[in-house]
Amino acid sequence: MTAPSLDDQLQEMVAQATPAPGTPARDPVNPPMIRHWCDAIGDANPVYTDPAAAEASCFGGIVAPPTMLQAWSMLGLANRGPGSKTEPPRAGGGPTQLLNEAGYTSVVATDCEQEYLRYLRPGDLLTGETELESISGEKSTGLGDGYFLTTRTTYRDQEGEVVGIMRFRILWFKPRQKGG
Amino acid sequence: MAELAQTLHYEEVEEGTELPALVIELTPTVIISTAIASRDYQDVHHDRDLAQQKGSKDIFMNILSTNGFVGRFVTDWAGPEAVLKKVAIRLGAPNYPYDEMRMSGRVEKKEISEGEGLVELSVRGANGLGDHVKGTVQIVLPREGAA
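To keep things clear, this report deals only with the structure shown in the data block.

**Focus: the overall build of chain B**
Right, so step 1: Regarding its fold elements, chain B presents 3 helices and 5 strands.
Right, so step 2: For chain B, the N- to C-terminal ordering of α and β elements is β-α-α-α-β-β-β-β.
Right, so step 3: Along the longest, intermediate and shortest principal axes, the C-alpha atoms of chain B span 55 × 35 × 25 Å.
Right, so step 4: A burial count over chain B gives 49% of its 147 residues as buried.
Right, so step 5: Taking all contacts inside chain B whose residues are at least 6 apart in sequence as the whole, residues at least 24 apart take part in 70%.
Right, so step 6: Total accessible area on chain B stands at roughly 6,600 Å², and carbon and sulfur atoms take up 47% of it.
Right, so step 7: Put simply, chain B has 15 plus and 23 minus side-chain charges, and the middle of one group is 5 Å from the middle of the other.

Given below as structure tokens:
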């Protein structure tokens, strides 16, 4: 009996996929992280950073830039001690490990679709539940040969209310050797 | 408090209207500070040696930051009380340091949906290598005469 192909194993994982219940974000939505983001992006919209202006706006108070949705649940350097040489943990579980072992060791994000059901306010604590939606066959790309993985994450607040939805696609690829 | 700038009304926006261009200088500081502000510590966004070992010519902007620039580009134009409903982007050429990203966009469609003034925009950010990002953004704008 021959071993199942990489493609078959990956498609089996898609078929078996169940939503991975997320853990709550490390920090609630908070003004310091919002300010860092706005400084870096150069976003001067006062509804994100100026309490009085935000209060006078249709939002009635500070709101987070909606495009920060994903940032709230990023792990950052969590589980990675100071000075550690290990890589930060990567989302993706089984298929990621399988692809890494098969030599698809580099990753880039290629598509992101975010839907905002409401703007987030300081104090909101998000939990994202991510489900593997699909994996492509092997594709030849400008970066090298690889596989596209698509996930869908549902973000809920501390009350369990859905506040945002994200569909995210990444490419795991075999980096091309430099200089022949 | 900062003066709350005017927000465009739904009635003021025409299909086909071009958004004013926005040019982002892609300094290493911009690439790295935006990655860290989005809590993305993947080494390819801040460590050139490791980025090169992984087949990239340099560090490059992460997708969360591209989202942020797209959001800023739209509200810089529409005003502080424009409400983002949806941002859908596809990445192409990476944003490497020492390049610039020139953002452009236009109003593709407008319609009243459940009483709200829904406007759909196409957005593009081009760098020296080609299109870094192409996408669609949906916003709601206040309607004239509404409270």
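That shown, we press on.
**Remarks on the overall build of chain A**
Right, so step 1: Scanning chain A from N- to C-terminus turns up 5 helices and 5 strands.
Right, so step 2: Helices (α) and strands (β) of chain A occur, in sequence order from the N terminus, as α-α-α-α-α-β-β-β-β-β.
Right, so step 3: Buried positions account for 43% of the 180 residues belonging to chain A.
Right, so step 4: In chain A, the share of contacts with a sequence separation of at least 24, taken over all contacts with a separation of at least 6, comes to 69%.
Right, so step 5: With an accessible surface of roughly 9,000 Å², chain A has 53% of that area assigned to carbon and sulfur atoms.

**Let's talk about the side chain of N30(A)**
Right, so step 1: The topology assignment puts N30(A) in the loop between α1 (6-16) and α2 (31-41).
Right, so step 2: Here M33(A) takes part through its backbone nitrogen, which lies 2.9 Å from a polar atom of the side chain of N30(A).

**A closer look at empty space enclosed by the protein**
All names here are of chain A.
Right, so step 1: Considering all chains together, one arrives at 1 cavity of 30 Å³ or more under this definition.
Right, so step 2: What the largest cavity holds in volume is close to 40 Å³.
Right, so step 3: Contributing to the lining of the largest cavity are A64, P65, P66, L69, Y116, R118, Y119, L120 and V163.
Right, so step 4: Per-class residue counts for the lining of the largest cavity are 8 nonpolar, no polar and 1 charged.

**A word on the pattern of salt bridges**
Right, so step 1: Scanning the model with the defined rule gives 18 salt bridges over all chains in all.
Right, so step 2: Residue R167(A) is joined to E113(A) by a salt bridge in which the shortest nitrogen-to-oxygen separation is 3.5 Å. With R167(A) in strand β5 (residues 162-173) and E113(A) in strand β1 (residues 106-116), the pair connects residues that are 54 residues apart, well separated along the chain.
Right, so step 3: In the salt-bridge network here, residues are joined through shared partners; they are E113(A), E133(A), R167(A) and K86(B).

**What about α1(A)?**
All names here are of chain A.
Right, so step 1: Along α1, the positions that sit buried rather than exposed are L6, L10 and V14. Around the axis of α1, the buried residues are gathered within 75° of arc, so they sit on the same side. Exposed and oriented more than 90 degrees from the buried face of α1 are A15 and Q16.

**A look at the packing of α2(A) against helix α3 (residues 63-78) of chain B**
Right, so step 1: Between α2(A) and α3(B), whose axes approach to 10 Å, the crossing angle comes to 75°. Comparing their axes, α3(B) and α2(A) come out roughly perpendicular. Residues W37(A), A40(A) and I41(A) of α2(A) form the contact with α3(B), whose own contacting residues are L64(B), S65(B), G68(B), F69(B) and R72(B).
Right, so step 2: Among the residues making up the contact of α2(A) with α3(B), the classes are represented as 5 nonpolar, 2 polar and 1 charged.

**Some points on unusual backbone geometry**
Residue and element names in this part refer to chain B.
Right, so step 1: A positive phi angle, near 75°, is found at Y98, a position not held by glycine.
Right, so step 2: Relative to the assigned elements, Y98 resides in the loop between β2 (83-91) and β3 (99-113).
Right, so step 3: For Y98, a relative accessible area of 64% puts it in the exposed group.
Right, so step 4: Even without glycine at this site, E114 takes up a positive phi of about 50°.
Right, so step 5: Tracing the backbone through its elements, the reader meets E114 in the loop between β3 and β4 (116-127).
Right, so step 6: Residue classification places E114 among the exposed residues on the basis of a relative accessible area of 81%.

**What about the packing of α2(A) against helix α1 (residues 28-37) of chain B?**
Packed helices, taken two at a time, are described by their axes: the angle between them and the distance between them.
Right, so step 1: Running from N to C, α2(A) and α1(B) point in directions that differ by 160°, and their axes come no closer than 9 Å. If you check the angle between α2(A) and α1(B), you find them roughly antiparallel. Where α2(A) crosses over α1(B), the handedness of that crossing is left-handed. Taking contact as the criterion, the partners of H36(A), W37(A), A40(A) and I41(A) in α2(A) are, on α1(B), S33(B), T34(B) and A37(B).
Right, so step 2: The residue inventory of the contact of α2(A) with α1(B), partitioned by class, reads 4 nonpolar, 3 polar and no charged.

Calculation rules
Residue positions are given per chain, counted from 1 along the sequence in the order it is written. Both sets of labels track the order of writing: A upward for chains, 1 upward for ligands. Owing to the predicted nature of the model, reporting of local features is limited to residues with pLDDT of at least 70; listing and counting of side-chain atom pairs is limited to 80 or more, with chain, interface and lining totals taken over all residues. Computation of side-chain values: all heavy atoms of the structure, hydrogens and water removed. The helix and strand labels rest on DSSP assignments: H or I over at least four residues marks a helix, E over at least two residues marks a strand, and numbering proceeds from the N terminus. Residue burial is assigned from relative accessible area. The probe radius is 1.4 Å, only protein chains are included, and a residue is buried under 20% of its type maximum, exposed over 50%, and partly exposed in between. The contact definition used throughout considers only heavy atoms, calling two residues in contact when any of these lie within 4.5 Å. For accessible areas, the Shrake-Rupley method is used with a probe of radius 1.4 Å. Any residue's cover is judged against the shown protein chains and nothing else. When charges are counted, neither His nor the chain ends are considered; positive counts come from Lys and Arg and negative counts from Asp and Glu. The atom standing in for a charge is NZ when the residue is Lys, CZ when it is Arg, CG when it is Asp and CD when it is Glu. We define a polar contact as two N or O atoms separated by no more than 3.5 Å, with the added condition that, inside protein, one atom must be a possible hydrogen donor and the other a possible acceptor, whereas residues neighbouring each other in sequence contribute only through side-chain atom pairs. A pocket, in this scheme, is an open set of points on a 1 Å grid over the protein atoms alone with protein on both sides within 12 Å along at least 5 of 7 lines, while a cavity is a set where a 1.4 Å probe fits but cannot get out; residues line either one if an atom lies within 4 Å of a point. Grid points are joined across faces, edges and corners, and a volume is the space filled by probe spheres set on the points. Any residue outside Ala, Val, Leu, Ile, Met, Phe, Trp, Tyr, Cys, Pro, Asp, Glu, Lys and Arg is labelled polar, Gly included; the first ten of those are nonpolar and the last four are charged. Any Lys or Arg side-chain nitrogen located within 4 Å of an Asp or Glu carboxyl oxygen qualifies as a salt bridge. Think of the arc as the fan of directions from the helix axis to the C-beta atoms. Every angle, taken between N-to-C directions, lies between 0 and 180 degrees, and every axis is a line fitted to C-alpha atoms, over only the stretch in contact when it is a helix. For classification purposes, angles smaller than 35 degrees are called roughly parallel, those larger than 145 roughly antiparallel, those between 65 and 115 roughly perpendicular, and all remaining angles oblique. Each crossing gets its hand from how the near helix is turned against the far one by less than a right angle, where anticlockwise is left-handed and clockwise is right-handed.

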